[in-house]
Protein chains: 2
Amino acid sequence: MHDTGGTDRPTCNSITKRGTTTMKILLAYDGTNVAMDALHLAVKHGKAFNATVYIVHSLAGGTGDDEEKITAATDQLSFAEGIFRKEGVSCDTHLLVRGLPPGEDIVRFAEENRIDTIIMGVRRRTQVGKLLFGSTAAFVILNAPCPVITTR
Amino acid sequence: MHDTGGTDRPTCNSITKRGTTTMKILLAYDGTNVAMDALHLAVKHGKAFNATVYIVHSLAGGTGDDEEKITAATDQLSFAEGIFRKEGVSCDTHLLVRGLPPGEDIVRFAEENRIDTIIMGVRRRTQVGKLLFGSTAAFVILNAPCPVITTR
């Protein structure tokens, strides 16, 4: 397992001053345009609910070009983190490389971290331009332990 | 067209005191258990964003038992409205009977009323108990003019 943020690390931001647990939002972020739309939505929801946003990028790993992909994903996560910091929204970044397909990885992370809401993009087009569900989005919507916000 | 709330009626709740437009949430509500989960989510989001919630029930109509269905749907909308009023969340109810499948009806209503977020349930099981997308939810997620929050 590789996790830049780490589920083992105490997230100091997840406890408010009054001792109550804040809302936790998981943003599935892979640097695509639709993930950027999801990011802006997560900023909005993070502010409205005074939530901590877990920015999660899942890589299955084991493809031979892992180092290159991990470097790119780390850069994308840093970029996303910068936007949340600038907007004053509490966040953590998590790069998951644990051999799971992205949908399963996201659902499992949500369960492990008691996430309250998942935010993700669903844009996926066939060759004839018709919108179709990506299998990742469909899996997450049907298996998530919490509500899922999709943007396209 | 039959619409208990009416898109023609001015929604006095949609303008704040400062003259800015408030956020508009569309709750797809058909009285099922999963719609009730979606309702509670809409209450939470309505409070967080100080939004107006449009509670929408779509009936295609033309099935011969329309009167009975309209009475039941009207009762369900009144019940839902009562919960929002009690929670102090601004709302309108809309019963749509205009010959459209529910997914198309919801998307069109969202477009006509410049809805910011749609909230709906997605629970649907096959005979072997496997979760499947309802065609309504899939259509709405892929065609909505705004983000869609699903609960299952």
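Residues numbered from 1 in each chain as written. Chains lettered and ligands numbered in written order. Predicted model: local features only at pLDDT ≥ 70, side-chain atom pairs only at ≥ 80, totals over all residues. Heavy atoms only, no water.

Undergrad: What is the right way to look at the overall build of chain A in this model?
TA: For chain A, the helix and strand inventory stands at four helices and five strands. Counting from the amino terminus, chain A carries its helices and strands in the arrangement β-α-β-α-β-α-β-α-β. Counting every position in chain A, which comprises 152 residues, the buried fraction comes to 50%. Contacts in chain A between residues at least 24 apart in sequence constitute 74% of all its contacts with a sequence separation of at least 6. Surface accessibility of chain A: about 7500 Å² in total, with carbon and sulfur atoms responsible for 48%. (Helix = DSSP H or I, 4+ residues; strand = E, 2+ residues; numbered from the N terminus. Buried < 20%, exposed > 50% of the residue type's maximum accessible area, 1.4 Å probe, protein only. Contact = heavy atoms within 4.5 Å. Areas by Shrake-Rupley, 256 points an atom, 1.4 Å probe, with all protein chains shown as cover.)

Undergrad: Would you explain the relation of the copies chain A and chain B in this entry?
TA: Related by rotation about an axis and a shift along that axis, the two copies of the chain form a pair. Each copy of the sequence occupies a distinct position, and chain A is placed on chain B by a rotation of 180° and an axial shift of 0.0 Å, giving an RMSD of 0.0 Å. Within this description, the copies of the chain are treated as partners about a two-fold rotation axis. Closest to the rotation axis within chain A is the C-alpha of A:I149, separated from it by 2.1 Å. Counting the interface residues of chain A, we find that 100% of their copies in chain B are interface residues as well, pointing to one common contact surface. (Least-squares fit on C-alpha atoms with pLDDT ≥ 70 in both.)

Undergrad: Just checking my understanding: could you explain the interface of chain A and chain B for this structure?
TA: Each side of the interface is counted separately: chain A has 21 residues, and chain B has 21 residues. Taken over both partners, the interface formed by chain A and chain B buries close to 1900 Å², and the fraction arising from carbon and sulfur atoms is 68%. There are zero salt bridges connecting chain A and chain B. Listed by contribution, the elements that provide at least two residues to the side of chain A that touches chain B are α1 (33-49), α4 (135-143) and β5 (148-151) of chain A. (Buried area = accessible area lost by both parts, 1.4 Å probe. Salt bridge = Lys/Arg side-chain N within 4 Å of Asp/Glu carboxyl O.)

Undergrad: When you look at unusual backbone geometry in this model, what are you seeing that I'm missing?
TA: Outside of glycine, negative phi angles account for most residues, and trans bonds account for most peptide bonds. All names here are of chain A. Although it is not a glycine, R114 sits at a positive phi angle of roughly 50°. Along the chain, the position of R114 falls in the loop between α3 (102-112) and β4 (117-121). Assessed through its relative accessible area of 69%, R114 is described here as exposed.

Undergrad: Teacher, can you tell me more about the environment of A:E67 here?
TA: Residue and element names in this part refer to chain A. When you line up the elements, E67 lands in helix α2 (residues 66-87). For E67, a relative accessible area of 72% corresponds to the exposed category. For the pair E67 and T52, spaced 15 residues apart in the sequence, the C-alpha separation amounts to 29 Å.

Undergrad: Looking at this structure, how should I read the packing of α3(A) against α4(A)?
TA: Packed helices, taken two at a time, are described by the angle their axes make and the gap between the axes. Residues and elements named next belong to chain A. Following both chains from N to C, one finds α3 and α4 inclined at 30°, their axes separated by 8 Å at the closest point. Our classification of the angle between α3 and α4 gives roughly parallel. For the crossing formed where α3 meets α4, the hand is right-handed. Together, P102, G103, E104, I106 and V107 of α3 and T136, F139, V140 and N143 of α4 make up the contact between the two elements. (Axes fitted to C-alpha atoms, helices over the stretch in contact; angles between N-to-C directions. Parallel < 35°, antiparallel > 145°, perpendicular 65-115°, else oblique. Left-handed = near helix turned anticlockwise from the far one by under 90°.)

Undergrad: Help me understand the side chain of B:D105 in this model?
TA: Residue and element names in this part refer to chain B. Tracing the backbone shows D105 in helix α3 (residues 102-112). The class of D105 is buried, set by a relative accessible area of 0%. Sequence-distant contacts of D105, that is, excluding residues within four places in its chain, are made with S58, L96, R98 and L100.

Undergrad: What is the right way to look at the pattern of salt bridges in this model?
TA: Between side chains of opposite charge, pairing is possible as soon as their charged atoms come close. Residues and elements named next belong to chain A. Overall, the coordinates contain eight salt bridges over all chains when judged by the stated rule. With its nearest N and O atoms 3.0 Å apart, the salt bridge here joins R85 to E81. Linking R85 with E81, this pair stays in helix α2, spanning four residues, or about one helical turn. Salt bridges sharing common partners tie together R98, D105 and E112.

Undergrad: Just to check I follow, could you spell out the packing of aromatic side chains for this structure?
TA: We describe a pair of aromatic rings using the distance from one ring centre to the other and the angle between the two ring planes. Residues and elements named next belong to chain A. Scanning all chains against the criterion turns up three aromatic pairs over all chains. Measuring from centroid to centroid gives 6.0 Å for Y54 and F109, while their planes differ by 65°, and the two rings are edge-to-face. Here Y54 is found in strand β2 (residues 52-59), whereas its partner F109 is found in helix α3, with 55 residues between them in sequence. Here Y54 matches F109 in class, with each residue buried. (Phe/Tyr/Trp six-rings, centres within 6.5 Å; stacked < 30°, edge-to-face > 60°.)

Undergrad: Is there a simple way to explain the sheet that holds strand β5 (residues 148-151) of chain B in this structure?
TA: Two strands in a sheet stick together by hydrogen bonds in their backbones, pointing the same way (parallel) or opposite ways (antiparallel). Pairing is mixed in the open sheet, where 10 strands are placed in the order β3(A)-β2(A)-β1(A)-β4(A)-β5(A)-β5(B)-β4(B)-β1(B)-β2(B)-β3(B). Each edge of the open sheet carries a strand with a single partner, namely β3 (91-97) of chain A together with β3 (91-97) of chain B. Each adjacent strand pair in this sheet contributes to an overall mean axis angle of 25°, direction not counted. Across five bridges, strand β1 (residues 24-28) of chain B lies against strand β2 (residues 52-59) of chain B in parallel orientation. Bridging across to β2(B), B:I25 finds its partner in B:V53. Against the sheet, helix α4 (residues 135-143) of chain B engages β5 of chain A together with β4 (117-121) and β5 of chain B, with an angle of about 165° to β4(B). (Pairing = 2+ DSSP bridges.)

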